[in-house]
Structures are given as C-alpha cells and as structure tokens.
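Results of the structural survey
One letter stands for each residue in the lines below.
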Amino acid sequence: MDNLSVFFLAEREQSADEVMARLTAFIRGATQTLDFAIYDMRFSDPLRAKLAAALREKAQAGVAIRFCYDADKPSQPNLAAGQDPAPAGTGAFVQSLGYPWRRIAGMKLMHSKYIVRDRESVWTGSTNMTDDAFTIMENNIVEINSQALASYYVQNFQELWEKENFEQTGDIHTEAVPLTFSNQPTRV
C-alpha cells in the first residue's frame, strides 16, 4: 500500500471543489491534531464554507487545530528587495476561522504550505490555499503517511509556533525514510 501520493493540478483541468474535497478528506482523517503552516490562504465563500465545516467537525470531535501563516506584508512590496508579492488577506482569513494562530514574521517570506495531521501524515506541495491555486495554477499536492517524515514537519511547525519568526528555523536533522509510491519502494 502506498504511503506517498502525488496529485498534479493543471490549468483548468480540475475544479476548486474537487481539490477542496481532497483537502477536506485529509482534514476529516484527523483524530488528534491539525497543524497548518500557510503562505497564502483566501477562499471564496463557497470554498470557505466547506473548509470551515470540516474544521468545525474536527474541533467538535476534540481535534486541536492551529495555524501559522506568513505575516501580511506591505500592499506595495519592494520585489527587488525580496519582499513578499502575495496579495494581502491571509491573516484576516485565518483569523476568521476562529482557531489558535500565529503570524510568522521575517524579512522575506515564510513560503511553507503544509498540514500535519495527528503527527503521522502530511499534506504539502506547491499549492497555496486559494481558488486560483486550486484551478488555474500548475501545482502539486503531496500526501505522505509516515510518522517518521511527519516528525520533521512537527519539529518545524513547533519552531515556527514558538518563535513566531521563520528565521533560524528549519535546521532539523533528517534522514531518508523508506516509503512506497506506485507500489514501488522509495526513500524520501
């Protein structure tokens, strides 16, 4: 059985509802914790409602939910200086969900996009949490079911949560972990 899966998004080849269904299925698998490290999160009302329902269901079942998000940057970023080009709004969106959150500061940006579920599974990849990222951008979603790999993400999330700054984080000793992808053994 595979414990590594990859889903590729192509411009207008999947609907936002299809990708949200994958995301909410991942969320609904939680029994203890959901830790989100988010760069850009802004959904239209219909997608927000689906996400909020899945989170509410898990919170009511006793799942602890936390968000770290890239601190909103100036509305006119200095791109030559490496400032964040993402549109504003992630902070307001995350805070509106009503779960514990931390703004992650830094000179440039916290570009992480991952969710750690129950310290055992990870949703990651290049896909931001926006309607456009789900429908018109060439992105990927990687799901990893491995407690060993998830532990590295847990360490990183905890550093972000405690420091509220991405600088001086992520220097975590990792080792390759055996996984299965397309019924073939691999090391990640």
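Residues numbered from 1 in each chain as written. Predicted model: local features only at pLDDT ≥ 70, side-chain atom pairs only at ≥ 80, totals over all residues. Heavy atoms only, no water.

1. Topic: the pairing of strand β4 (residues 64-70)
When a strand is regular, its side chains alternate between the sheet's two faces. Here β4 lies mainly inside the structure; six of its seven residues are buried. Pairing between strand β2 (residues 33-38) and β4: six bridges, direction parallel. In the strand pairing of β4, Ala37 is matched with Cys68. Here β4 pairs with strand β5 (residues 101-104) via four bridges, running parallel. By the bridge assignment for β5, Cys68 is matched with Arg102. (Buried < 20%, exposed > 50% of the residue type's maximum accessible area, 1.4 Å probe, protein only. Helix = DSSP H or I, 4+ residues; strand = E, 2+ residues; numbered from the N terminus. Pairing = 2+ DSSP bridges.)

2. Digging into the packing of helix α1 (residues 16-28) against helix α2 (residues 45-60)
Relative orientation of the contacting elements α1 and α2 amounts to 10°, with a least axis distance of 10 Å. With respect to their mutual orientation, α1 and α2 come out roughly parallel. Residues Ala16, Asp17, Met20, Leu23, Thr24, Ile27 and Arg28 of α1 pack against Leu47, Lys50, Leu51, Ala53, Ala54, Leu55, Glu57 and Lys58 of α2. Residue classes in the contact of α1 with α2 are distributed as nine nonpolar, one polar and five charged. (Axes fitted to C-alpha atoms, helices over the stretch in contact; angles between N-to-C directions. Parallel < 35°, antiparallel > 145°, perpendicular 65-115°, else oblique. Contact = heavy atoms within 4.5 Å. Nonpolar A, V, L, I, M, F, W, Y, C, P; charged D, E, K, R; others polar.)

3. Points about the packing of α2 against helix α3 (residues 90-97)
Axis separation between α2 and α3 bottoms out at 11 Å; the angle between their running directions is 40°. When the interaxial angle is binned, α2 and α3 end up oblique. In this structure, α2 meets α3 at a crossing whose hand is right-handed. Taking contact as the criterion, the partners of Arg48, Leu51, Ala52 and Leu55 in α2 are, on α3, Phe93, Ser96 and Leu97. Residue classes in the contact of α2 with α3 are distributed as five nonpolar, one polar and one charged. (Left-handed = near helix turned anticlockwise from the far one by under 90°.)

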